[in-house]
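# Coordinates in review
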Amino acid sequence: MVGDGVIGASAAFACRARGFDVLVAGRHRSRLDTLHEAGFATADARATDVEATVARFDPSAVIDTVQNAEAFDMYIPSLPRRTGQVVYSGHSPDGVTAWGDMAVLQQRELTVHFVSGITSTRVEATLGLMRDGAMPSEQLLGTVAGSPDEAARLMRRVSAGRLEPVAAAVDWTWAA
């Protein structure tokens, strides 16, 4: 798993619920700490030996929610030729149109999936995992805004990319 944001963290829970061992590589210490406390192996993507950490984990598949060249270079060498899989989930940040080398994917004969749409089947599966306790999203919450002023401050932090640790929520009971 590459990415320690809400998409990556949710994917980590979903993968674990389906029986996979999960390593989450990310760049935010507080998010990685939260995910480690939730029982996931974690790796700091800024570390000089992150490629070696990923290689020791010996992944058969990677879910990439970051989608940049640095992330691509981190995990591609560790995926097994012909049977390795990459799932790109999320969106391309800042209008980036290319983040991986298609020639490398082809030469290694990797299977690649692009998953970024919301469908009723995906939403129902996610809600089922939440209902069954396999995706305890409350473990990811750092902030719960309980008033209009708190919600406005929260939205400013989210817009500025300063959300800690992984996710936030708005308690709308004040709006009723």
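You'll find the structure just up there.
Okay, so let's go over this structure. (Residues numbered from 1 in each chain as written. Predicted model: local features only at pLDDT ≥ 70, side-chain atom pairs only at ≥ 80, totals over all residues. Heavy atoms only, no water.)

## Some remarks on the sheet that holds strand E5 (residues 111–115)
Short version of the rule: Strands were regarded as paired on the criterion that DSSP finds at least two bridges between them. Secondary structure counts use DSSP, requiring at least four H or I residues in a row for a helix and at least two E residues in a row for a strand, with both numbered from the N terminus. To get an axis, a line is fitted to the C-alpha atoms, and for a helix only the part in contact is used. The angle between two axes follows their N-to-C directions and goes from 0 to 180 degrees.
Across the sheet, which stays open at both edges, the 3 strands sit in the order E3-E4-E5 with parallel pairing between neighbours. Each having just a single partner strand, strand E3 (61–64) and E5 make up the two edges of the open sheet. The sheet shows a mean angle of 15° between the axes of neighbouring strands, taken without regard to direction. For strand E4 (residues 85–89) and E5, the ladder comprises 5 bridges, and the chain directions are parallel. Bridge pairing links Gln85 to Thr111 in E5.

## Some words on the side chain of Arg31
Condition: For every residue, the accessible area obtained with a 1.4 Å probe (protein chains only) is divided by the maximum for its type, and the residue is called buried under 20%, exposed over 50%, and partly exposed between those limits. Any two residues whose heavy atoms approach within 4.5 Å are treated as being in contact.
Summarising the element assignment, Arg31 is placed in helix H2 (residues 29–37). On the basis of relative accessibility, which here comes to 12%, the residue Arg31 falls in the buried class. If we ignore the near neighbours within four places in the chain, the residues touching Arg31 are Asp4, Gly5, Leu163, Glu164, Pro165 and Val166.

## Considering the pairing of strand E2 (residues 41–44)
Here is the rule: With its strands directed away from the observer, a crossover is right-handed exactly when the path from the first strand over the helix to the second travels clockwise.
Examined bridge by bridge, strand E1 (residues 23–26) and E2 share 4 bridges and lie parallel to one another. Each bridged residue has a counterpart across the sheet, and for Leu23 the counterpart in E2 is Ala41. Once the chain exits E1 it traverses H2 before rejoining the sheet at E2, and the crossover so formed is right-handed.

## Side note on the environment of Ala160
Considering the arrangement of structural elements, one finds Ala160 in the loop between helix H7 (148–159) and strand E7 (167–170). Given the relative accessible area of 45%, Ala160 is considered partly exposed. Expressed as a C-alpha distance, the spacing of Ala160 and Val2, which sit 158 residues apart in the sequence, is 21 Å.

## Let's talk about the packing of aromatic side chains
Just so we agree on the cut-off: Two rings from Phe, Tyr or Trp (for Trp, the six-membered ring) form a pair when their centres sit within 6.5 Å of each other. Planes less than 30 degrees apart are called stacked, planes more than 60 degrees apart edge-to-face, and all others tilted.
Here the structure, examined in full by the defined rule, presents 5 aromatic pairs. Ring plane angle 65° and centroid distance 6.1 Å describe the contact between Phe72 and Tyr75, whose orientation is recorded as edge-to-face. Within this pair, Phe72 and its partner Tyr75 are both found in helix H4 (residues 69–75), separated by 3 residues, close to a single helical turn. You can call Phe72 buried: its relative accessible area is 4%. Their ring planes at 25° and their centres at 5.3 Å tell us that Tyr88 and Phe114 sit as a pair that is stacked. Note that Tyr88 is positioned in strand E4 and Phe114 in strand E5, a separation of 26 residues in sequence. The exposure class of Tyr88 is buried, given its relative accessible area of 4%. Look at Phe114 and you get exposed, because its relative accessible area is 54%. Grouping aromatic residues by their ring pairs yields a cluster made of Tyr88, Trp99 and Phe114.

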